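# Observations on chain architecture
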Amino acid sequence: MLNLSRIYAKSRQTAENAKPNLTANESRGDRKLPLFMVNHGFTKSFGLAKLRDLAEEARVREIVLAPLTRSRSYGNVPQVHAILYYSQRTTKGGLLIAEATGVSDTAQGYPNTPGIWTKEQVEAWKPIVKAVHDKGGIFFCQISHAGRVSNYDYQPNGQAPISSTHKMIPPQKQLDDTMIEFSPPRCLTIEEIPLIINDFKLAARNAIEAGFDGVEIHGAHGYIIEQFMKDSANDRTDEYGGSLENRCRFALEIVKAVIDEIGAERVGIRLSPFADYMECWDSNPEELGLYMVQSLNKYGILYCHMIEGRMLIVDERRQIPHHLLPMRKAFNGTFIVARGFDRDEGNKAVAEGYTDLVAYGRLFLANPDLPRRFELNSPLNKYNKFTLYIADPIVGYTDYPFLED
Ligand SMILES: Cc1cc2nc3c(=O)[nH]c(=O)nc-3n(C[C@H](O)[C@H](O)[C@H](O)COP(=O)(O)O)c2cc1C
């Protein structure tokens, strides 16, 4: 099977050397490609002309829209204004990852976040996905469960949020300096764990039903999967706690369930071993990251999307710490990095082989035409932190200006 990284690697190589390096069979286009690539015409004519197209588009395709929670899906149902938001950020061949999308009614931890567990939600996603496909984009749904990053207000019947633990998160400061409070979680029993895994599996099936090309399992940023993975938040004594292998069991069982449902070529995962969001950190993040990517290799998933560690300040300049190098080297599929990248750092990371693709969050939010701006090295709009997460359908998400033609 050909994966994204090989396609991207080949197109980069073509751009650099201006000579494709495919075998006769490959250039005839009879390789086995992931279904979504077939859907998007990757196989139509994989001859020289197509390769040239890919080479020209290579930079566009290395710029990924990071998942960005918009808090505008009233009643957990995606709204029509998301059509504009996502299609504004679509470029032919570009990969977009949708905002964190709840897998069940216990998955929410923020106001107005979308879900994908009901028929109504699936139907509401369909026109949004179609708009991205109509412009030639590749669209993955980030399937997510907040776990203990929640409170009674977001839970069915005001019940306690669920987690790997009973340990509660202390109040956290938000971007606007207000405090956010959490409720004491209820530690899942071992008998309940398969039910949550099943929620991820059903959500993945629903995402495909909605038309998405695949799903990104949200295993980052202190949400339920990390609550199991990291030793600051997992104090279990059963087979889901203690050793590294036990702590990663929940994540890997979700991966297995999802790939059994929709196929490994449609599955990515987001991981943040070096982060400490929401009281979730690990005493050995490198070992955790490596164990995960080596385990993921056995499943052959399409991509691993990792969050870079904290910026280093060198010579008074912020620099990417490149903490992810061992994981990049160990992982067999497409590698995506995120956090803190700008045009130059992103280009450098791809050129040096540190990653295949770079996901941009705040820059892509504030610059709907980010690939074009990067191509022209144009000035960028600055994002407004005060309009993040507000419930307005437009302000702060679809009102950022495009470059003048
Ligand atoms: C408003 C906002 C919403 C976010 N929502 C999500 C989300 O739903 N899922 C996720 O994995 N990360 C989320 N993130 C993190 C981003 O995907 C990204 O990793 C982060 O912004 C760092 O990348 P950047 O430096 O390019 O902005 C969010 C970040 C911001 C600023």
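In this report, the structure presented in the accompanying data block is examined. (Residues numbered from 1 in each chain as written. Predicted model: local features only at pLDDT ≥ 70, side-chain atom pairs only at ≥ 80, totals over all residues. Heavy atoms only, no water.)

## Thoughts on the packing of helix α7 (residues 193-209) against helix α9 (residues 244-262)
Running from N to C, α7 and α9 point in directions that differ by 35°, and their axes come no closer than 9 Å. Relative to α9, the crossing made by α7 is right-handed. Seen from α7, the contacting residues are Ile-193, Ile-196, Ile-197, Phe-200, Lys-201, Ala-204, Arg-205 and Ile-208; seen from α9, they are Phe-250, Glu-253, Ile-254, Ala-257, Val-258, Glu-261 and Ile-262. For the contact of α7 with α9, the per-class residue count stands at eleven nonpolar, no polar and four charged. (Axes fitted to C-alpha atoms, helices over the stretch in contact; angles between N-to-C directions. Helix = DSSP H or I, 4+ residues; strand = E, 2+ residues; numbered from the N terminus. Left-handed = near helix turned anticlockwise from the far one by under 90°. Contact = heavy atoms within 4.5 Å. Nonpolar A, V, L, I, M, F, W, Y, C, P; charged D, E, K, R; others polar.)

## Quick notes on the site of the ligand
Of all residues adjacent to the ligand, which total 17 residues, the nearest are Pro-67, Thr-69, Arg-270, Gly-340 and Arg-362. With respect to the ligand, the side chain of Thr-69 contributes an N or O atom lying 2.6 Å from an oxygen atom. In the model, a nitrogen atom of the ligand is placed 2.8 Å from a nitrogen or oxygen of the Gln-142 side chain. For the ligand, whose accessible area on its own is 610 Å², the fraction buried by protein is 89%. Taken together, the residues of the shell around the ligand sort by class into eight nonpolar, six polar and three charged. (Near = heavy atom within 4 Å. Polar contact = N/O pair within 3.5 Å; in protein donor to acceptor, adjacent residues only side chain to side chain. Areas by Shrake-Rupley, 256 points an atom, 1.4 Å probe, with all protein chains shown as cover.)

## A short note on the nonpolar core
In terms of nonpolar packing, the biggest core is built from 79 residues, with Tyr-86, Ile-116, Ile-143, Phe-212, Ile-217, Phe-250 and Val-258 touching the most fellow members. In terms of residues, this core owes the most to one element, α9, which gives eleven residues. Discounting chain neighbours no more than four positions away, the residues touching Val-258 are Ile-143, Phe-200, Lys-201, Ala-204, Val-215, Ile-217, Gly-263 and Val-267. Ranked by size, the runner-up nonpolar core spans 13 residues in total, among them Phe-140, Leu-302, Leu-357 and Ala-359. (Core = buried A, V, L, I, M, F, W, Y, C linked by side-chain atoms within 4.5 Å. Buried < 20%, exposed > 50% of the residue type's maximum accessible area, 1.4 Å probe, protein only.)

## Digging into the pattern of salt bridges
Applying the stated criterion across every chain yields a total of 17 salt bridges. Close ionic contact of Glu-192 with Arg-186 constitutes a salt bridge, the shortest N to O distance being 2.9 Å. Residue classification places Arg-186 among the partly exposed residues on the basis of a relative accessible area of 33%. Linking Asp-344 and Arg-343 is a salt bridge whose minimum nitrogen-to-oxygen distance equals 3.4 Å. The network of salt bridges with shared partners includes Lys-119, Glu-123, Lys-126 and Glu-209. (Salt bridge = Lys/Arg side-chain N within 4 Å of Asp/Glu carboxyl O.)

## Some points on helix α6 (residues 119-134)
Across its 16 residues, α6 extends 23 Å between first and last C-alpha, which sits within 8% of the 22 Å expected from 1.5 Å per residue. At Lys-126, α6 shows its largest kink, close to 25°, and the proline Pro-127 lies no more than four residues downstream. Along α6, the residues classified as buried are Gln-121, Val-122, Ala-124, Trp-125, Ile-128, Val-129, Ala-131 and Val-132. Among the structural elements, α5 (81-88), β2 (95-97), β3 (101-102), β4 (138-144) and α7 are those in contact with the buried residues of α6. (Expected span 1.5 Å × (residues − 1). Bend = angle between axes of the 7 residues up to and from the residue.)

## Side note on the packing of α5 against α6
One can describe the packing of α5 onto α6 by two numbers: an axis separation of 9 Å at closest approach and a directional angle of 25°. In this view, α5 runs roughly parallel relative to α6, as classed from their interaxial angle. Crossing of α5 over α6 shows right-handed handedness. Every residue of α6 that contacts α5 at Ala-82, Ile-83, Tyr-86 and Ser-87 is listed here: Trp-125, Pro-127, Ile-128, Ala-131 and Val-132. When grouped by side-chain class, the residues that make up the contact of α5 with α6 number eight nonpolar, one polar and no charged. (Parallel < 35°, antiparallel > 145°, perpendicular 65-115°, else oblique.)

## Observations regarding the pairing of strand β14 (residues 334-338)
Extensive coverage of β14 is indicated by the burial of five of its five residues. Where burial is concerned, the two faces of β14 agree: the one with Thr-334, Ile-336 and Ala-338 and the one with Phe-335 and Val-337 are both buried. The sheet contact formed by strand β11 (residues 303-307) and β14 spans five bridges and is parallel. Paired with Met-306 across the strands is Val-337, a residue of β14. Across three bridges, the pairing between β14 and strand β15 (residues 357-360) is parallel. The residue of β15 that forms the bridge with Ile-336 is Leu-357. Considered for its hand, the β-α-β crossover made up of β14, helix α12 (residues 343-351) and β15 is right-handed. (Pairing = 2+ DSSP bridges. Right-handed = clockwise from strand over helix to strand, strands pointing away.)

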